[in-house]
Each structure stands twice: as C-alpha cells, then as structure tokens.
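As a plain string of letters, each chain reads:
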Amino acid sequence: WQGLFHAISGFNNAGFTIIPNSESLSIFYGDFLVIGVMTVLIILGGLSFPVLSEIFRSRNFRLYGLDTKFVTLWSLVLWIIGTLVIFIFERQNIFGSMNTSQQFMNSIFHSVSARAAGFSTVEISLLTDTVGFFLIGLMFIGTASASVGGGIRLNTFGVLLSTIFAAVKGKESVTAFRREISPEQVQRAIAVWGLASMFIFIATILLTFTEFT
C-alpha cells in the first residue's frame, strides 16, 4: 500500500508521504532503488503528457516541437546545474555522513524534486543558505506546462531566456531553435513571470510580518 501511495504521489508531484517515523523520504536516503524510482516518477510527471507523447513517438530531437525542445533542454540543464550546486555545497554539510555515491544520488534527487514534488531525504532547514536560496529559484521555475507540477513553467522560462538573448544581440524578433516566437507568446511569458513575482513578493512580506509579530 505504501509503495502504491508513494508511486502515485511521486508521479503526481504531490510530495505526500505516509511513512512511519520518517521525515518525507529520509528513511530511504541510502536506498538507490527507492530514490531512483521516485526520481524517475517525478521526472515523468513533470515533463507533461504532451511532451512525453512526442518523446515516445520520436527519438529525433530535431523533429520535436518548440515546447518539447524547451522542456527537454532546460530540464536537463537545470537538473545538471542543480545537482552540481547541491553536491558542492552540501557534501561537507548535511551530506557529510554519506559516502560519495549517496551524496551524488541525493543531490540528483533534490535537484529533480525541488522543481516539482517537494520530497526530501534530509532536513531542509539544515541546508546551507546558498542551496536553500537556489532551491527557491528551482521551485519558482517549476515544471512544464500541462504537467502535474507547478511554477511559472519551463516553457515560460525558455521564452524569457530567448527574449533576453534576443535583446542582448539587438534582434527585433525573438527566436529559438531557428523558429520565431510570436509577440503574443513573449508578452504572455512576461506577464506570467511578472504576476508570479509580485504575488511571491507580497506573500513574503505578509509571512515576514506574521512571523515576527
């Protein structure tokens, strides 16, 4: 029953656990099979059903649509960067009691989980401030559109980065993978980013006020 529950919770990026005497998935911090399976389930749920469908239909990256290219590319980039940041800053901190392979496995897991599910194998409050702030950034970006995760979405993130690159290069139009992104999509991405930023700013002020009064 626990296996079924956590498989569904992992794929749905829900982050709920029902394991007795365990903070989230901390009891499995050294179990490569459980953590590996949960990592894969979180990834599949966060890629979105349209992206998964296109990936299964074709293995040729050049044939993918723009959304699928954005999602697969930036997912891979964020997973790698997140893993390296967590591994570098936590190997002598909260991962200090683990061996190197466990440190690397847990770094991958938290890099994947931060953008989507919120599972953890360690006490999050004990992470270094650098990693904690970085994980906030990953949570803000989130997963792909039409996925079971949250955030401003990888698609939005990809459009925003393409817009920045176009502005830096002095281009009048925004392009990505040799395809032009319509002004409507650019405006929508900026609007999503702006509204999300304002909401988080206001919510943070309110939480800070309630925490210290």
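In case you missed it, the structure is sitting above this.
Below: a short report on this structure. Note that this is a predicted model, so its numbers are computed, not measured. (Residues numbered from 1 in each chain as written. Predicted model: local features only at pLDDT ≥ 70, side-chain atom pairs only at ≥ 80, totals over all residues. Heavy atoms only, no water.)

1. Details of the packing of helix α3 (residues 49-57) against helix α4 (residues 66-90)
It is the contact of α3 with α4, at a shortest axis distance of 10 Å, that shows an interaxial angle of 95°. In terms of axis orientation, α3 runs roughly perpendicular to α4. On α4, the residues touching V51, E54 and I55 of α3 are T68, V71 and T72. (Axes fitted to C-alpha atoms, helices over the stretch in contact; angles between N-to-C directions. Helix = DSSP H or I, 4+ residues; strand = E, 2+ residues; numbered from the N terminus. Parallel < 35°, antiparallel > 145°, perpendicular 65-115°, else oblique. Contact = heavy atoms within 4.5 Å.)

2. Some points on the nonpolar core
Counting residues in hydrophobic clusters, the biggest one holds 46 residues, and the most contacted among them are I42, L47, F70, F109, F119, L135 and I181. Breaking this core down by element, the ones donating at least two residues are α2 (32-47), α3, α4, α5 (100-114), α6 (129-141), α7 (154-169), β1 (174-176) and α8 (183-211). In terms of residue count, the dominant contributor to this core is α4 (seven residues). With sequence-adjacent residues up to four places away left out, F70 is seen in contact with S75, N155, G158, V159, S162, A176, F177 and I181. (Core = buried A, V, L, I, M, F, W, Y, C linked by side-chain atoms within 4.5 Å. Buried < 20%, exposed > 50% of the residue type's maximum accessible area, 1.4 Å probe, protein only.)

3. Overview of a nonpolar patch on the surface
Where nonpolar side chains cluster on the molecular surface, the patch consists of L76, I80, L84, I88 and F89 and spans about 480 Å² of accessible area. Position of L84 among the secondary structure elements: in helix α4. By relative accessible area, which is 45% here, L84 ends up partly exposed. (Patch = residues over 30% accessible without salt bridge, like charges linked within 9 Å, V, L, I, M, F, W, Y side chains within 5 Å. Areas by Shrake-Rupley, 256 points an atom, 1.4 Å probe, with all protein chains shown as cover. Salt bridge = Lys/Arg side-chain N within 4 Å of Asp/Glu carboxyl O.)

4. So, the side chain of T156
Inspection of the secondary structure puts T156 in helix α7. Sequence-distant contacts of T156, defined by excluding residues within four places in its chain, comprise A189 and V192.

5. Concerning unusual backbone geometry
Even without a glycine there, the phi angle at R153 is positive, about 90°. With respect to the secondary-structure elements, R153 resides in the loop between α6 and α7. The backbone of R178 shows a phi angle near 65°, a positive value even though the residue is not glycine. Within the secondary structure layout, R178 lies in the loop between β1 and β2 (179-181).

6. Some words on the packing of aromatic side chains
If you walk through the whole model with that rule in mind, you get seven aromatic pairs. Seen from their ring centres, W74 and F157 are 5.6 Å apart, and the 80° between their planes marks the pair as edge-to-face. Pair noted here: W74 is in helix α4 and F157 is in helix α7, with a separation of 83 residues, a long-range link. Residue W74 shares its accessibility class with F157, and that shared class is buried. (Phe/Tyr/Trp six-rings, centres within 6.5 Å; stacked < 30°, edge-to-face > 60°.)

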